[in-house]
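# Residue-level structural notes
Here is what each chain is made of, one letter per residue.
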Amino acid sequence: PRAHITLDRQAVVAPVRRRTFGSFVEHLGRSVYTGLYEPGHPTANEDGFRMDVVDLVRELGATTVRYPGGNFVSGFRWEDSVGPRERRPVRRDLAWRSLESNQVGLDEFARWLKLTDSELMLAVNVATRGILPALDLLEYANHPSGTTLSDQRVANGTPQPHDVRMWCLGNEMDGPWQTGFMTADDYGKLAARTAAAMKRADKDLELVVCGSSGSAMPTFGDWERTVLEHSYEHVDYVSCHAYYQEQDGDLGSFLASATDMDYFIDTVVATADHVGHKKRSRKRIDVSFDEWNVWYLKEHQESEKVHEEWRHAPRLLEDTYTVADAVVVGNLLMTLLRRSDRVTSASLAQLVNVIAPIMTEPGGPAWRQTTFHPFSITSRLASGEVIRPVIDSPVYETARYGEACLVDAVATVDEDRAAVFLVNRDVRETAQVTIDVRSLGSARVTEALTLADEDVYAKNTLAEQDRVTPAANKSAALVDGLLTIDLPPTSWTALALR
Ligand code: AHR
């Protein structure tokens with residue numbers, strides 16, 4: 001196919017939000033234990049954190065990290081995870097049928113975030129606890145000192161408050177799998193009361209109310225409306241969660257997953273605005289897309305039955321990603337960028353070992369999955385403002401999402417540089433793309449990187465850790481403001497311009 005893209009410097013969507021490049025660490029499987037924390041590992045620091053993982057997280061460019069769940073948070077007592085380690089209890093985690101040793105908790109995790117230079121986004125357990133434990137956690141985390149809980153934090157070795165700005169009011173409360181799941185009415189009322197109480201302590205907190213666990217939930221739409229009718233004035237964000245996978249060998253539909261994400265965002269924004277207008281509110285609720293990724297969930301659900309015994313840090317959800325998965329992840333991130341007007345925070349779910357861009361072996365190496373690359377490159381190159389490209393591309397028909405463009409794109413522009421991100425969803429043909437960049441005033445292409453492979457199911461594994469990496473796209477040329485580039489079949493590309 002041939003596609004023509006026009007970039008207009010004036011067609012600004014919104015600033016690039018650094019929080020778009022957030023991620024997620026849940027106490028799940030080997031995400032924490034033998035993932036980011038492994039005392040005794042050759043690269044471990046004095047806190048037991050693997051520095052090889054820290055280096056990869058920094059390279060990934062993850063900005064905000066959501067913690068400690070996920071489904072885990074709905075059975076979590078935060079008090080278990082602070083104070084002297086030898087006194088911390090071992091608990092059952094019903095969400096993942098695992099044992100939790102609590103050897104890593106809030107204070108350790110905050111120290112790890114300093115190493116990775118990222119921001120903490122904390123979830124409170126509204127499902128099985130309530131308002132007071134949430135307020136206690138807020139006091140422990142954020143109050144400077146002079147109260148019992150803040151002094152406990154100081155005594156535990158953290159003199160400065162963690163100053164956590166973003167807080168999730170529970171997790172996926174619409175899902176029957178959630179310990180303590182609720183109806184929209186019950187949750188909306190509880191979330192409103194919890195949020196109001198937390199804001200009494202600090203009016204500048206940024207609070208995220210749970211939206212739907214996915215757009216296929218039977219309550220989708222109604223859930224957001226009801227929850228926001230109760231909580232609108234007290235919260236700042238509504239969450240979206242979406243996972244995609246190739247199903248029944250339908251690669252064409254899978255590659256168009258970003259069109260579904262777009263539809264999801266449209267619907268949630270429209271619902272939030274509907275409630276806002278009805279309330280005659282001047283306030284705007286933004287979207288926190290705080291779980292998104294490719295996840296072979298169907299396969300996980302089928303294998304779930306065999307995991308009966310209670311184990312510490314079992315191997316769970318350790319998906320190995322393909323080239324096609326990386327193209328989809330890159331495209332989903334492009335969609336989040338393009339919607340930066342309303343999606344002002346997002347979290348790739350997750351970060352280490354569990355449906356993650358980074359994998360580790362206990363005592364062994366850490367490596368990059370295929371999906372690591374588009375995320376890391378986009379986080380590095382996107383800056384300034386997002387601009388909406390005009391895309392003239394042939395379309396194709398997908399079984400799951402209807403018509404989709406074969407070529408998709410988004411661009412960002414800063415004072416002295418610009419970046420363009422592209423995908424070719426055609427599974428057979430190279431796309432020849434022309435991009436009119438005259439309005440950007442860029443003179444040269446400083447980087448052109450493409451992720452593609454003859455085998456779209458190629459993966460990076462322990463045995464072959466760099467089987468799939470981005471390569472220079474030598475076809476890129478910029479002459480008189482017209483950029484031309486060939487995009488191989490099923491590929492993701494980034495261009496940096498100066
Ligand atoms: O990210 C894995 C799980 O997916 C999370 O715990 C939950 O919130 C979602 O269902």
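Criteria and cut-off values
- Residues numbered from 1 in each chain as written.
- Predicted model: local features only at pLDDT ≥ 70, side-chain atom pairs only at ≥ 80, totals over all residues.
- Helix = DSSP H or I, 4+ residues; strand = E, 2+ residues; numbered from the N terminus.
- Rg over C-alpha atoms; globule rule 2.2 N^0.38 Å.
- Buried ≥ 20, exposed ≤ 12 C-beta atoms within 10 Å, placed from the backbone.
- Contact = placed C-beta atoms within 7 Å.
- Pairing = 2+ DSSP bridges.
- Axes fitted to C-alpha atoms, helices over the stretch in contact; angles between N-to-C directions.
- Domains from an automatic or database assignment.
- Nonpolar A, V, L, I, M, F, W, Y, C, P; charged D, E, K, R; others polar.
- Core = buried A, V, L, I, M, F, W, Y, C linked by C-beta atoms within 7 Å.
- Arc of directions from axis to C-beta.
- Left-handed = near helix turned anticlockwise from the far one by under 90°.
- pLDDT = per-residue confidence, 0-100.

On to the overall build of the protein chain, then. Tallying secondary structure elements over the protein chain gives 11 helices and 27 strands in all. The globule rule puts the C-alpha radius of gyration for 498 residues at 23 Å, and the 22 Å found for the protein chain is close to it. Its C-alpha atoms put the protein chain at 65 × 60 × 45 Å along the principal axes. Counting every position in the protein chain, which comprises 498 residues, the buried fraction comes to 52%. Taking as baseline every contact in the protein chain between residues at least 6 positions apart, the subset at least 24 positions apart corresponds to 77%.

Take the sheet that holds strand E7 (residues 119-124) next. Overall, parallel pairing links the eight strands, which are arranged E3-E4-E7-E8-E9-E10-E11-E13 in a closed barrel. The mean angle between the axes of side-by-side strands here comes to 30 degrees, regardless of whether they run parallel or antiparallel. The pairing of strand E3 (residues 22-24) with strand E13 (residues 343-349) spans three bridges and is classified as parallel. Its bridge partner lying in E13, Phe-24 is registered against Ala-349.

This brings us to the domain arrangement of the protein chain. By a widespread convention, an interface's size corresponds to the accessible area lost as its parts come together. Domain annotation of the protein chain identifies domain 1 (17-381) and domain 2 (387-497). Between domain 1 and domain 2, the residue contacts involve 32 residues of the former and 34 residues of the latter. Of all elements in the fold, only helix H7 (251-255), helix H8 (257-278), helix H10 (323-338), strand E15 (366-368) and helix H11 (372-381) reach the threshold of two or more residues within the side of domain 1 that touches domain 2. Among the elements that line the side of domain 1 that touches domain 2, the one with the most residues is H10, at nine residues. Here the residues of the side of domain 1 that touches domain 2 sort into 16 nonpolar, 11 polar and five charged.

Of all nine residues in strand E11 (residues 286-294), eight are buried; the element is thus mostly enclosed. Two elements, strand E10 (residues 237-244) and E11, share seven bridges in a ladder whose sense is parallel. Bridged to Tyr-237 within E11 is Asp-286. When E11 meets E13, the two strands line up parallel, connected through four bridges. Of the residues in E13, the one forming a bridge with Phe-289 is Ala-346.

A few words now on the nonpolar core. If you look at the biggest cluster of nonpolar residues, it comprises 153 residues, and the most contacted ones within it are Trp-167, Leu-169, Ala-191 and Ile-358. The greatest single-element share of this core, amounting to 11 residues, is contributed by H10. Split by domain, the residues of this core number at least three in each of domain 1 (17-381) and domain 2 (387-497). Contact partners of Trp-167, with chain neighbours within four places excluded, come to Leu-122, Val-124, Met-198, Leu-205, Leu-207 and Val-208.

Buried within helix H1 (residues 51-60) we find Val-53, Leu-56, Val-57 and Leu-60. Taken end-on, H1 shows its buried residues confined to a sector of 100 degrees, consistent with a single buried face. Taken together, the buried residues of H1 touch helix H2 (106-116), strand E14 (358-360), E15 and H11. Gly-61 occupies a position one or two residues after H1 and carries a positive phi of about 80 degrees.

Next up on the list: the environment of Glu-309. Following the sequence through the fold, Glu-309 ends up in the loop between helix H9 (297-303) and strand E12 (311-312). Accessibility expressed as a C-beta count within 10 Å gives 8 for Glu-309, which makes it exposed. Residues Glu-309 and Leu-99, spaced 210 residues apart in sequence, show a C-alpha to C-alpha distance of 9.8 Å.

Turning next to the pairing of strand E23 (residues 445-451). For a regular strand, side-chain orientation follows a simple rule: the groups alternate between the two sheet faces. Pairing analysis gives six bridges linking E23 to strand E27 (residues 491-497), with the strands arranged antiparallel. Directly across from Ala-448, in E27, lies its bridge partner Leu-495. Bridge count between E23 and strand E24 (residues 471-472): two bridges; the pairing is antiparallel. Looking at the pairing, Thr-450 lines up with Ala-471 of E24.

A large share of helix H6 (residues 222-231) lies buried, amounting to seven of its 10 residues. Inspection of H6 places Trp-223, Glu-224, Thr-226, Val-227, Leu-228, His-230 and Ser-231 among the buried residues, and these make up the whole buried set. Of the surrounding secondary structure, the elements contacted by the buried residues of H6 are helix H5 (184-201), strand E9 (206-209), E10 and H8.

A separate point is the packing of H6 against H8. One can describe the packing of H6 onto H8 by two numbers: an axis separation of 9 Å at closest approach and a directional angle of 35 degrees. Every pair of crossing elements has a handedness; the one defined by H6 and H8 is right-handed. Here Glu-224, Arg-225, Leu-228 and Glu-229 of H6 lie close against H8, whose contacting residues are Val-268, Thr-271, Ala-272, His-274 and Val-275. Taken together, the residues of the contact of H6 with H8 break down into four nonpolar, two polar and three charged.

To continue, consider unusual backbone geometry. If a residue is not glycine, its phi is most likely negative; likewise, a peptide bond is most likely trans. For the peptide bond that leads from Tyr-67 to Pro-68, omega is 0 degrees, which places it in the cis range. Along the chain, the position of Pro-68 falls in the loop between strand E4 (64-67) and strand E5 (91-93). With an omega of 10 degrees, the peptide bond running from Gly-69 to Gly-70 counts as cis. Looking at the secondary structure, you find Gly-70 in the loop between E4 and E5. One non-glycine residue, Asp-117, adopts positive backbone phi at about 65 degrees. With respect to the helices and strands, Asp-117 occurs in the loop between H2 and E7.

What follows deals with the sheet that holds strand E26 (residues 482-487). Picture the strands of a sheet paired through backbone hydrogen bonds; they go either parallel or antiparallel. If you trace the five strands from one edge of the open sheet to the other, you get E17-E1-E22-E26-E25, paired in mixed fashion. Only two strands of the sheet have a single neighbouring strand rather than two, namely strand E17 (390-392) and strand E25 (477-479). The mean inter-strand angle of the sheet, taken between neighbouring strand axes irrespective of direction, is 20 degrees. Pairing analysis gives three bridges linking strand E1 (residues 2-6) to E17, with the strands arranged antiparallel.

Attention shifts here to the confidence of the model for the protein chain. Per-residue confidence for the protein chain averages 97 on the pLDDT scale, and 99% of its residues sit at or above 70. The ipTM for the predicted assembly is 0.99, set against a pTM of 0.97.

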